[in-house]
Amino acid sequence: MLNVPLIAAREFKATAMTKAFIFGVLVFPAVIIGVIYVITAFQLFKQDGPTLRGNIAIADALPGQPVASQAPTRILERLDQVREQVKEQMDRMPGGADAGPMADAAITRALGGDVEFEILPADADIELQKQRVRDGELVALVNIGPDALESDSVFDLWRSPTLGAQLVNEVRSGVSDVLVDERIRNAGHDPSNIRTLVATPSSNTRLVTETGETASAEQLEMIMPIIFMILLWISVFTGGQYLLMSTIEEKSSRVMEVLLSAVSPLQLMTGKIIGQGLVGLSILAIYLGVGLLAAGQFNVTQHIPFSSLVWLGVYFVMAYFMIAAMMAAVGSAVTEMREANSLMGPIMTVLMLPLFLWFLIMDNPNSVLAMVFSFFPPTTPFVMILRISQTAHAVPLWEILATTVVGFAGVFVMVWMAAKIFRIGVLMYGKPPSFMGLVRWIRAG
Amino acid sequence: MPQDPAILIEGVTKRFGEKVAVDNLDLVVPTGSICGFLGPNGAGKTTTIRMVMSIFHPDQGNISVLGKSSAAESKRRIGYLPEERGVYRTMKVGEFLTFMGKLKGVPASGLSKKIDDWLERVALPGVRKKRCEELSKGMQQKVQFLAAIIHDPELIILDEPFSGLDPMNALLLRTLMDDLHAEGRTIIFSTHVLSSAEQVCDRIFMINKGRKVLDGPIDGILARFDPRTLTVEPLETEDLDAFTESLTRLPSVERVNTLNRRSRALETHLAEGVDPSHAMREIVATLPVRRVELRKATIEDIFVNLVAPEDSEDVRALVSEGAGQLEAADA
């Protein structure tokens, strides 16, 4: 019948062609991405304190005062390095190239403008110097004791509140570097030589599978199945939620019986499910598209298991029809969103399972637990997409096929039950039925 | 060859749980007629209409609509305005009517002009681009009416079409119904506005407690329900009580009710078997009267005559609550 596409088209248009939807689906993620960028940007030149201006005093009791003579240069070098890194990162951000002067200003603010070093005599009165920190005359005071080169020794660093965390860190590291170098030198070695020797080698990790050898990206492989599952869950649930809302709206606005003058309840339900399915599919396509684009940008496309994308499509259909049938049934039985909540409880509990279980399933994708939930139709698509898109443990083919059959059989039963509830529910006003009431409708329908 | 009736209901019974909503109902709606469907709240009107529309299915009996065994087979030839009716709040009026028109099989080519013409006809020009929620309740009612008839149906079923309409819009609707009837369409409508029924329909049928209590052409029914009531107005109005007493004492008079204090007219019910013309002569001969008039029966008289006050309980909530149980029970 032509009526089903007409209803589906109206449903899609009424949901997806609205400002709220476009804002929710497109703008919201864009804002999130924007916020992430902004947070990253702020972290780069996070201000822990106001602009640093002032002197750092160093009292060095070591023979030859190696810290007093070398630390200032080291610290300034480190600050320069940080400046370079920040600039590089700023340039990589959108519009970063234009942000040059702004970046400079931010860096100066964070890392300090005019830092001067003051070398104190070996017998300087530390208490007096501390008072200078307190008075704001010094931003930091470094005190290197005579035993600072012992292996378990510590040195003192007093800082004024104006010295930001980033600078404290650079000062501390600069001083430590000098002390370590001195120890190496005292042991009769060349510090630069030793540093080269102890440099940590990087590994070239490769993933070896039946199909060959690829560059390994464990973290990405860990996270990929979860991304797929969340993507599936979000798209399916958004579509399902819209279906619930639009069914309730048709009931509460009393347009339902007007529609039933032209179409049968089954046609209406089918059209609505298909229409909102297209909404869910659009969300999936948009998010997946953005994801793939980002993956291309970061050069990690090769870590996306493309067979999983095909399965994502299959499991979307399975999961969506399962949830949509539930939502249509609940939506038809109530007149207000508030009334739907009590009926949604048991349904949501079942559907939240994959979100609670993903960790256990990922830990051992072929465990009994994973298998049980793979054969439980409401969770089949979510658990199976987790299992299929991980690479550590191959899921046996028979299991993939069997769960698909079981999953779609579950969908068929659910749609059949929903049709019975829908037929009775759409014209029912007044007290909403209980969950057991719905079961009675199915039995009697 | 006589035309098939537009609606034929034979021995139809519908129960909602324990409650019998429609009880062994027989009904014929001749093609081309305009029928008023009357009855107190909870009498089973909406249930009957929903069964005609194949929204409910009868427990017993047969219904044929436009020659088909079910309205589902001829939905596009039927225009139905349900009692529980609404519009998509955020949809524009034009979009809503286009959607409903398409659902009912109106070709897209002429649909837009048709919508404009109809909006003009129901005095709603320029609302096409407005959202339904921006319209007043009365305007929404008119849009709902258009949604029901936009596809030029042969049979139009209107469940309480006058509810919520102000007198001007009720008049407009009556005119439209007259026009549609004149075009040869069969119309059946349920209503509580008995004066409207009397003005518009050529047939009425009434049900009470799910059973038919009245069915036939309106003229025949009005003639049959001779109320045997006279309106008597005294010439002098100073001593009304004395006049009333004298009137009551006449042998042909059974009882007298004060109809209207201001006009001093008295509603005079005649005794069983008394010829009204004889009674009128007797009154004129005996008492000083300004006016003696034989009252014509109205649908309202008939309604009140046939329906006890306790029958008119608002059981709609009960029915709709029982609907599920019934639907459940009947499958």
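Up top is the structure.
Here is what the cut-offs are and how they apply
Residues numbered from 1 in each chain as written. Chains lettered and ligands numbered in written order. Predicted model: local features only at pLDDT ≥ 70, side-chain atom pairs only at ≥ 80, totals over all residues. Heavy atoms only, no water. Helix = DSSP H or I, 4+ residues; strand = E, 2+ residues; numbered from the N terminus. Buried < 20%, exposed > 50% of the residue type's maximum accessible area, 1.4 Å probe, protein only. Contact = heavy atoms within 4.5 Å. Areas by Shrake-Rupley, 256 points an atom, 1.4 Å probe, with all protein chains shown as cover. Salt bridge = Lys/Arg side-chain N within 4 Å of Asp/Glu carboxyl O. Buried area = accessible area lost by both parts, 1.4 Å probe. Pairing = 2+ DSSP bridges. Axes fitted to C-alpha atoms, helices over the stretch in contact; angles between N-to-C directions. Core = buried A, V, L, I, M, F, W, Y, C linked by side-chain atoms within 4.5 Å. Arc of directions from axis to C-beta.

Asks: When you look at the overall build of chain A in this model, what are you seeing that I'm missing?
Replies: A count of helices and strands for chain A gives 16 helices and 6 strands. For chain A, the proportion of its 445 residues judged to be buried stands at 45%. A separation threshold of at least 6 residues defines the contact pool for chain A, and within that pool the share at least 24 residues apart is 75%. Entry remark: accessible area of chain A is about 22100 Å², with carbon and sulfur atoms responsible for 64%.

Asks: I would appreciate a short explanation of the side chain of Thr46 of chain B in the present structure.
Replies: Residues and elements named next belong to chain B. Within the fold, Thr46 resides in helix H1 (residues 45-52). Note on Thr46: relative accessible area 18%, which makes it buried. In this view, Thr46 contacts Glu83 and Asp159; residues no more than four positions away in its chain are not counted.

Asks: What exactly am I supposed to notice about the pattern of salt bridges here?
Replies: Close approach of charged atoms allows side chains of opposite charge to pair. According to the stated counting rule, one finds 36 salt bridges over all chains in the structure shown. Between Asp59 of chain B and Arg15 of chain B there is a salt bridge, and its shortest N-O distance comes to 3.9 Å. Highlighted residues: Asp59 of chain B in the loop between H1 and strand E4 (60-65) and Arg15 of chain B in strand E1 (residues 7-16), separated in sequence by 44 residues. Taking relative accessible area as the criterion, Arg15 of chain B reaches 32% and is therefore assigned partly exposed. Measuring nitrogen to oxygen at the nearest pair gives 2.7 Å for the salt bridge that ties Arg77 of chain B to Glu154 of chain B. A residue pair is termed long-range when its members are at least 10 positions apart, and Arg77 of chain B in the loop between E4 and strand E5 (78-81) and Glu154 of chain B in the loop between helix H4 (137-149) and strand E6 (155-159) qualify at 77 residues. Look at Arg77 of chain B and you get partly exposed, because its relative accessible area is 30%. One network of salt bridges, with partners in common, ties together Arg10, Glu11, Glu250 and Lys272 of chain A.

Asks: How do you make sense of the interface of chain B and chain A when you look at a structure like this?
Replies: Interfaces are often sized by the amount of accessible area the parts lose when they come together. Across the contact, 31 residues belong to chain B and 26 residues belong to chain A. When the buried surface of chain B facing chain A is broken down by residue, Glu84, Tyr88 and Leu103 of chain B rank first, second and third, together holding 23% of it. The tally of links between chain B and chain A comes to 3 salt bridges. In this structure, Arg254 of chain A and Glu84 of chain B form a salt bridge, with 2.4 Å as the shortest nitrogen-oxygen distance.

Asks: Even after reading the chapter, I still don't get the environment of Thr268 of chain B, so can you show me in this structure?
Replies: All names here are of chain B. Structurally, Thr268 is set in strand E12 (residues 265-270). Between the C-alpha atoms of Thr268 and Val256, which are 12 residues apart in sequence, the distance is 4.6 Å. Here Thr268 is in contact with Arg228, Thr229, Leu230, Val232, Leu247, Val253, Arg255 and Val256, once residues within four sequence places are set aside.

Asks: Please clarify how the sheet that holds strand E8 (residues 203-208) of chain B should be interpreted in this entry.
Replies: For sheets, the rule is that strands pair by backbone hydrogen bonds, running either parallel or antiparallel. Residues and elements named next belong to chain B. Judged by pairing direction, the sheet is mixed, and its 6 strands sit side by side in the order E5-E6-E7-E3-E8-E9 without closing on themselves. The strands lining the two open edges of the sheet, one partner per strand, are E5 and strand E9 (211-217). Strand-to-strand, the axes of this sheet are offset by a mean angle of 10°, without reference to chain direction. Of the strand pairs in this sheet, E6 and strand E7 (residues 186-190) are connected by 5 bridges, and their pairing is parallel. Bridged to Ile157 within E7 is Ile188. Strands in contact with helix H10 (residues 299-306) are strand E3 (34-38), E8 and E9; relative to E8, the strand with the most contacts, it is inclined by about 20°.

Asks: What exactly am I supposed to notice about the sheet that holds strand E3 (residues 138-144) of chain A here?
Replies: Residue and element names in this part refer to chain A. Reading across the sheet, the 4 strands line up as E2-E1-E3-E4 and stay open at both edges, with mixed pairing between neighbours. Looking at strand neighbours, the two that pair on one side only are strand E2 (115-120) and strand E4 (156-159), the edges of this open sheet. For this sheet, the mean inter-axis angle between neighbouring strands, taken without regard to orientation, is 15°. In the sheet, strand E1 (residues 54-60) pairs with E2 via 6 bridges, with the strands oriented parallel. Across the sheet, residue Gly54 finds its bridge partner in E2, namely Val115.

Asks: How should the side chain of Thr191 of chain B be read in this particular structure?
Replies: Structurally, Thr191 of chain B is set in the loop between E7 and helix H6 (194-200). Setting aside its immediate chain neighbours within four residues, Thr191 of chain B contacts Phe37, Leu38, Glu160, Phe162 and Ala197 of chain B.

Asks: Just checking my understanding: could you explain the nonpolar core for this structure?
Replies: It is characteristic of soluble globular proteins that their nonpolar side chains tend to be buried jointly. Ranked by size, the top nonpolar core spans 162 residues in total, and within it Phe96, Ile157 and Phe189 of chain B carry the most contacts. No other element matches helix H11 (residues 306-333) of chain A, which puts 17 residues into this core. Those residues in contact with Phe189 of chain B that sit more than four places away from it in its chain are Ile34, Cys35, Gly36, Phe37, Leu158, Pro161, Phe162, Met177, Ala197, Val200 and Cys201 of chain B.

Asks: What is the right way to read helix H5 (residues 126-134) of chain A from this model?
Replies: Along an α-helix, a turn takes 3.6 residues, which lines up residues three or four apart on a common side. All names here are of chain A. For H5, every residue scored as buried is listed here: Ile126, Gln129, Lys130, Arg132 and Val133. The arc that holds every buried residue of H5, seen down its axis, measures 150°, which confines them to one face. In H5, the exposed positions angled more than 90 degrees off the buried face are occupied by Leu128 and Arg134. Looking at the residues trailing H5, positive phi occurs at Gly136, about 85°.

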